[in-house]
Amino acid sequence: MIVTHSGRFHADEVFAIAMILMLGEKEVVRSRDQQVIDQAEIVLDVGGEYDPQRLRFDHHQNSFTRERSDGTPYATAGLVWEHYGIEILAAKGLEGDYERQFALNWVDQKIIKDIDAVDNGVYSEDPRPSVSMLIGMMNASSTDDVEQQQAAFNQAIEFTSGILNNFIKTAIKEAEVVVQLEECAKNVDEGVLVLAENLPFKDFIRSHPEITRVVYPKGSEGYGVFCNGAQNHLPERFRGLNGEDLNAVSGLTDAVFCHKSGFMSVCKSLESAMFMAKSQ
């Protein structure tokens, strides 16, 4: 049995429940009654206790001071993902300790950390659209109506499960190619990373500033050029042009287009894409 608090629900415990239910069905009870809490197998966001060995995951007590290396404090979502994430990723089919750790961190950085930050009031002075706001909006208009609020809570878990599944699927895709990308990154020439296949590289290159642009195959379209950050966008003279206009300016014969912001372009041949990628 999982026990979390009654009343208004928040993204941190809803996401935590969605995580645990990925590993098997469990009864979920919403209560602040200490006798009920004491009977639980897993306690989330209530009870005033953090003890992962006993599966107690509250963060509201003064004795709880855990935070990430960047200072973002943990809430229940982050604590539960830290505890169960590797097991969830393994159950989803991801192999390899290195890859699982990569995916664990990826999901935390992309969504869980923000949920924890919001729950700890980090953005209370400057609220902005977030998944936490969406979950909060799903509460019943009157949380005193227990039946109505329970229905809203169940809907929030279903909604959250879909979001979390999508993030995990993407993290697994990223993790499955990270070792391959790290090998490719050893052969960067003049800041250009050339890929023989279209791997999911965009997150990877953000942590590799030595990679300024990427050339990659785009199937029947030819080859793409993608720039790592605004400082590496393609030259002004190419931006917003396509076909004959772009070929006339670049001196190429098979350039297809360059985005008006300069963050990417497409050419029919690898040679032309390499020319674009090395243009200053």
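Residues numbered from 1 in each chain as written. Predicted model: local features only at pLDDT ≥ 70, side-chain atom pairs only at ≥ 80, totals over all residues. Heavy atoms only, no water.

Let's hear about the packing of helix α1 (residues 11–21) against helix α3 (residues 76–91): which residues, and what values?
At a minimum axis distance of 9 Å, the contact between α1 and α3 shows a crossing angle of 15°. Between α1 and α3, the crossing angle belongs to the class labelled roughly parallel. Remark: the crossing between α1 and α3 carries left-handed chirality. Listed contacts from α3 to D12, F15, A16, M19 and I20 of α1 are T76, A77, V80, W81, Y84 and I88. (Axes fitted to C-alpha atoms, helices over the stretch in contact; angles between N-to-C directions. Helix = DSSP H or I, 4+ residues; strand = E, 2+ residues; numbered from the N terminus. Parallel < 35°, antiparallel > 145°, perpendicular 65-115°, else oblique. Left-handed = near helix turned anticlockwise from the far one by under 90°. Contact = heavy atoms within 4.5 Å.)

Can you lay out the nonpolar core for me, pointing to particular residues and giving the numbers?
Core analysis: the biggest nonpolar cluster contains 44 residues, and F15, M19, L44 and W81 have the highest contact counts within it. Of all the elements in the fold, those that place two or more residues in this core are α1, β3 (42–44), α3, α4 (97–119), α5 (131–137) and α6 (146–184). Tallying contributions element by element places α6 first for this core, with 10 residues. Setting aside chain neighbours within four positions, we find W81 in contact with M19, I88, L89, A103, L104, V107, D108, I112 and I168. Counting 16 residues, the second largest nonpolar core, distinct from the first, contains A185, L199, F201 and F226. (Core = buried A, V, L, I, M, F, W, Y, C linked by side-chain atoms within 4.5 Å. Buried < 20%, exposed > 50% of the residue type's maximum accessible area, 1.4 Å probe, protein only.)

Describe the packing of α1 against α4, naming the residues involved and giving the relevant values.
Between α1 and α4, the shortest axis-to-axis distance is 9 Å and the interhelical angle comes to 145°. In this structure, α1 uses A11, D12, F15 and M19 to contact α4, whose residues at the interface are I111, I112, I115 and D119. Considering only residue class, the contact of α1 with α4 consists of six nonpolar, no polar and two charged. (Nonpolar A, V, L, I, M, F, W, Y, C, P; charged D, E, K, R; others polar.)

Can you explain the pairing of strand β10 (residues 264–267)? Please cite residues and give values.
Neither face of β10 is open: one carries M264 and V266, the other S265 and C267, and all of them are buried. In the sheet, strand β8 (residues 223–227) pairs with β10 via four bridges, with the strands oriented antiparallel. By the bridge assignment, Y223 is partnered in β10 with C267. As defined by bridge partners, strand β9 (residues 255–258) adjoins β10 across three bridges and the pair is classed as antiparallel. Along β10, the bridge assignment pairs A255 with C267. Where β9 folds back onto β10 in an antiparallel hairpin, the turn is made up of five residues, including G262, whose phi is positive at roughly 85°. (Pairing = 2+ DSSP bridges.)

Before we move on, can you summarise α6 with the specific residues and values?
The first and last C-alpha atoms of α6 sit 56 Å apart over 39 residues, in line with the 57 Å expected at 1.5 Å per residue. When the local axis directions of α6 are compared, the greatest deviation, roughly 45°, occurs at V178. (Expected span 1.5 Å × (residues − 1). Bend = angle between axes of the 7 residues up to and from the residue.)

Account for the sheet that holds β3, with residues named and values stated.
Strand order across the open sheet formed by five strands is β2-β1-β3-β5-β4, with mixed pairing between neighbours. Either end of the sheet is taken by a strand with one partner, and the two such strands are β2 (28–30) and β4 (50–51). Here β4 pairs with strand β5 (residues 56–57) via two bridges, running antiparallel. Along β5, the bridge assignment pairs D51 with R56.

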